[in-house]
Amino acid sequence: MSRTVYVNGDYLPENEATISIFDRGFLMADGVYEVTSVLDGKLIDFEGHAVRLARSLKELDMKTPMSKEDLLEVHRELVRINGIEEGLVYLQVTRGSDGDRDFAFPDPETTDPSVVLFTQNKPGLADSPAAKKGAKVISIEDIRWGRRDIKTVQLLYPSMGKMMAKKAGCDDAWMVEDGYVTEGTSNNAYIVKGNRIITRALSNDILHGITRAAVLRFAREAQMEVEERNFTIDEAKAADEAFTTSASAFVMPVVEIDGVALGDGKPGRVAPRLREIYIDEMRKAAI
Ligand code: PMP
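Residues numbered from 1 in each chain as written. Predicted model: local features only at pLDDT ≥ 70, side-chain atom pairs only at ≥ 80, totals over all residues. Heavy atoms only, no water.

**A few points about unusual backbone geometry**
Peptide bonds are trans in most cases, and residues, glycine excluded, mostly fall at negative phi.
Okay, step 1: Here A29, not a glycine, exhibits a phi torsion of approximately 50 degrees, which is positive.
Okay, step 2: Note on placement: A29 falls in the loop between α1 (24-28) and β3 (31-39).
Okay, step 3: In this structure, D61 is a non-glycine residue whose phi angle is positive, near 55 degrees.
Okay, step 4: Here D61 lies in the loop between α2 (46-59) and α3 (68-81). (Helix = DSSP H or I, 4+ residues; strand = E, 2+ residues; numbered from the N terminus.)

See the structure below:
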């Protein structure tokens, strides 16, 4: 099945969509992105993603390519055209192309950003078998750059981390810096002790997850304690439970860290409950 994708104002079959070889996203990973999930054919937390996109663009002195309303319209149109009931909408904005390669940014007056959106069909996103089993993670050193709060398309090291995990027979990697867990390759990381959820505080060291914000809000509303602080891999291995959050996997229980099973090695009580609350509440608020 050929998807219809969006490129710089046009809706096109995926094999007809093109971007310049001089695009700075291609040459320099000079771009940012967002991934918004779709349930029941509707967008989950579009507002959160739109706000973070605006922040990422601002932090990199990039032009805002279109209004939030127009962006919403493109998201909805792609979901409609491609008949997505459960899945994702990927959005990427790069600094565009001025027809050559140069380290200096091109003049924003004469060079427009490139905007690309496409859908990914993921039936079973909500009722995920992987979430019932839980994920196994390894720990790796975090050697990424210092502005992980900006959602850039520089994803080479996270991809390498994912491959290291696969090679070790695991699902994902948690990155560690100065002895403390920063985040997963494509998710925020949490541990659970009793009724307390522990996760690293927001800073430039981690991506400010849109799912993180919602899940912590729901946790507090459900009278769970939330502690935003650093934790080590050793503390994580000794935790009752662990989990990750992301727009593409919601809340994912973690059942093993570096070969050490957490609890009885099955998803515990808190993570599946938070997953259920998150999906229920976000479905209701979807647009
Ligand atoms: N951290 C990293 C490094 C990520 O790549 C992602 C997902 N893109 C997240 C956290 C989770 O963010 P969100 O909940 O907004 O998907």
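**With respect to the domain arrangement of the protein chain**
Okay, step 1: Taken domain by domain, the protein chain consists of domain 1 (4-121) and domain 2 (129-285).
Okay, step 2: Inter-centroid distance (C-alpha atoms) of domain 1 to domain 2 is 26 Å.
Okay, step 3: Residue-level contacts link 22 residues of domain 1 with 19 residues of domain 2.
Okay, step 4: Inspection of the region where domain 1 meets domain 2 yields 3 salt bridges.
Okay, step 5: Two residues, D149 and R55, come together in a salt bridge whose shortest N-O distance is 2.9 Å.
Okay, step 6: On the surface where domain 1 and domain 2 come into contact, there are 8 residue pairs in polar contact (both at pLDDT 80 or more). (Domains from an automatic or database assignment. Contact = heavy atoms within 4.5 Å. Salt bridge = Lys/Arg side-chain N within 4 Å of Asp/Glu carboxyl O. Polar contact = N/O pair within 3.5 Å; in protein donor to acceptor, adjacent residues only side chain to side chain.)

**What to know about the packing of aromatic side chains**
Two measures describe an aromatic ring pair: the distance that separates the ring centres and the angle between the ring planes.
Okay, step 1: Tallied over the full model, the rule gives 7 aromatic pairs.
Okay, step 2: Between the aromatic rings of Y33 and Y90, the centroid separation amounts to 5.6 Å while the plane-to-plane angle is 25 degrees, which identifies the pairing as stacked. Placement of the pair is Y33 in strand β3 and Y90 in strand β5 (residues 87-94), with a sequence separation of 57 residues. The two residues Y33 and Y90 agree in class, both being buried.
Okay, step 3: Among the aromatic residues, ring-to-ring pairing joins Y33, Y90 and F118 into one connected group.
Okay, step 4: The ring of F105 has R95 sitting right over it, with the charged end atom 3.4 Å from the ring centre.
Okay, step 5: Above the ring of F218, the side-chain terminus of R217 is found at 4.9 Å from the ring centroid. (Phe/Tyr/Trp six-rings, centres within 6.5 Å; stacked < 30°, edge-to-face > 60°. Buried < 20%, exposed > 50% of the residue type's maximum accessible area, 1.4 Å probe, protein only. Lys NZ or Arg CZ within 6 Å of the ring centre and 35° of its normal.)

**Let's talk about the sheet that holds strand β2 (residues 10-13)**
Okay, step 1: One open sheet holds the 6 strands; their spatial order is β2-β1-β6-β5-β3-β4, and the pairing between them is antiparallel. Edge positions in the sheet fall to β2 and β4 (42-43), since each has one partner strand and no second.
Okay, step 2: For strand β1 (residues 4-7) and β2, the ladder comprises 4 bridges, and the chain directions are antiparallel. Counted as the bridge partner of T4 is P13 from β2.
Okay, step 3: Packed on one face of the sheet, α3 meets β1, β2, β3, β4, β5 and β6 (114-121) and runs near 35 degrees to β6. (Pairing = 2+ DSSP bridges. Axes fitted to C-alpha atoms, helices over the stretch in contact; angles between N-to-C directions.)

**Comments concerning α2**
Okay, step 1: Given a rise of 1.5 Å per residue, 14 residues ought to cover 20 Å, and the 20 Å separating the end C-alpha atoms of α2 matches this to within 8%.
Okay, step 2: Three or more residues of α2 are buried, namely F46, G48, H49, A50, R52, L53, S56 and L57.
Okay, step 3: Residues of α2 that are buried make contact with β3, β4, α3, β5 and α6 (210-221).
Okay, step 4: Positive phi shows up at D61, right after α2, with a value of about 55 degrees. (Expected span 1.5 Å × (residues − 1).)

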